[in-house]
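Coordinates in review
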Amino acid sequence: MIIKDLVYKAECFYGKCSLKEFLKILFSDGTSCMVFYRMSKFFHCIKLEVVSWIILEINKLVNGCVIGRGVDFKKGFVVMHGIGVVINSNVKGGENIVLESGVVIGAARSGMPIEVPLLGSNIFIGSGAKILGGIKIGNNVKIGANAVVVKDVPDNVTVVGIPARIVK
């Protein structure tokens with residue numbers, strides 16, 4: 001899964017993924033955040049929780065981000081800049097999800113149990129955006145910088161603002 005994420009990141013940045021682009025991406029900002037997340041997830045899945053937790057803590061220390069061990073994103077998970085990214089452990093998402101810095105995807109409590117967002121595929125989330133609560137984000141969605149999303153977002157739209165609203 002790590003290689004697929006890196007290939008997708010190279011395609012996002014450069015429109016292609018030759019060896020040159022792949023190597024540039026390998027050492028770019030945010031890449032270690034993605035790799036640590038995938039490693040932590042792997043060890044969590046094979047029940048080596050201590051190793052998974054240690055990798056999560058290293059990711060916090062090195063990259064300034066918290067991506068819970070239980071987060072489940074499919075291939076194409078890309079973090080452009082990892083600083084300030086926080087993702088609740090129960091969040092699930094599809095393929096090709098791209099995050100900028102300062103993104104929070106978290107729980108909200110409207111009673112019990114705590115609810116978390118469910119993300120579709122082909123999603124871009126701008127810097128500082130917050131996605132909170134038991135909401136659904138559709139496919140092919142762009143979420144603008146600093147948007148606060150607290151309601152469901154349908155497919156094929158762009159949302160911006162506080163609270164987030166659809167723009168043409």
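So, here's what we can say about the structure.

A sheet is described by the order of its strands in space; here 4 strands give the open sequence β2-β5-β8-β11, paired in parallel fashion. With partners counted over all chains shown, the strands left at the sheet margins are β2 (72-73) and β11 (136-137), one partner each. Inspection of the sheet shows strand β5 (residues 92-93) paired to strand β8 (residues 118-119) by 2 bridges, in the parallel sense. Note on β8: the bridge partner recorded for K92 is L118.

Nonpolar side chains in soluble globular proteins tend to end up buried together. Residues I87, L99, I125, I137 and I143 are the most contacted members of the largest nonpolar core, which totals 38 residues. Every element with two or more residues in this core is listed here: α1 (2-14), α2 (19-26), α3 (31-45), β3 (77-79), β6 (97-99), β9 (123-125) and β12 (141-143). Dropping the residues within four chain positions of it, L99 is found in contact with F77, V78, V79, M80, H81, V85, I87, I105 and I125.

This part covers the pattern of salt bridges. For the structure shown, the criterion picks out 3 salt bridges. Between R69 and E49 there is a salt bridge, with the nearest N and O atoms lying 3.1 Å from each other. Of this pair, R69 sits in the loop between β1 (66-67) and β2 while E49 sits in helix α4 (residues 49-63), and the two are 20 residues apart along the sequence. The shortest N-O distance in the salt bridge between K60 and E57 comes to 2.9 Å. One end of the pair, K60, and the other, E57, are both in helix α4, 3 residues apart, so they sit about a helical turn from each other.

If you trace the 6 strands from one edge of the open sheet to the other, you get β3-β6-β9-β12-β14-β15, paired in mixed fashion. The open sheet terminates on both sides in strands that have one partner only, identified here as β3 and β15 (165-167). Neighbouring strand axes in the sheet, compared pairwise and without regard to direction, differ in orientation by 20 degrees on average. Taken together, the 3 bridges between β3 and β6 define a ladder with parallel strand orientation. Note on β6: the bridge partner recorded for V78 is V98. Against the sheet, α1 makes contact with β3 and β6, and its axis sits at roughly 60 degrees relative to β3, the strand it touches most.

What counts and what doesn't
- Residues numbered from 1 in each chain as written.
- Predicted model: local features only at pLDDT ≥ 70, side-chain atom pairs only at ≥ 80, totals over all residues.
- Heavy atoms only, no water.
- Pairing = 2+ DSSP bridges.
- Helix = DSSP H or I, 4+ residues; strand = E, 2+ residues; numbered from the N terminus.
- Core = buried A, V, L, I, M, F, W, Y, C linked by side-chain atoms within 4.5 Å.
- Buried < 20%, exposed > 50% of the residue type's maximum accessible area, 1.4 Å probe, protein only.
- Contact = heavy atoms within 4.5 Å.
- Salt bridge = Lys/Arg side-chain N within 4 Å of Asp/Glu carboxyl O.
- Axes fitted to C-alpha atoms, helices over the stretch in contact; angles between N-to-C directions.

Interpretation note: all reported values are geometric properties and have no functional meaning in isolation.
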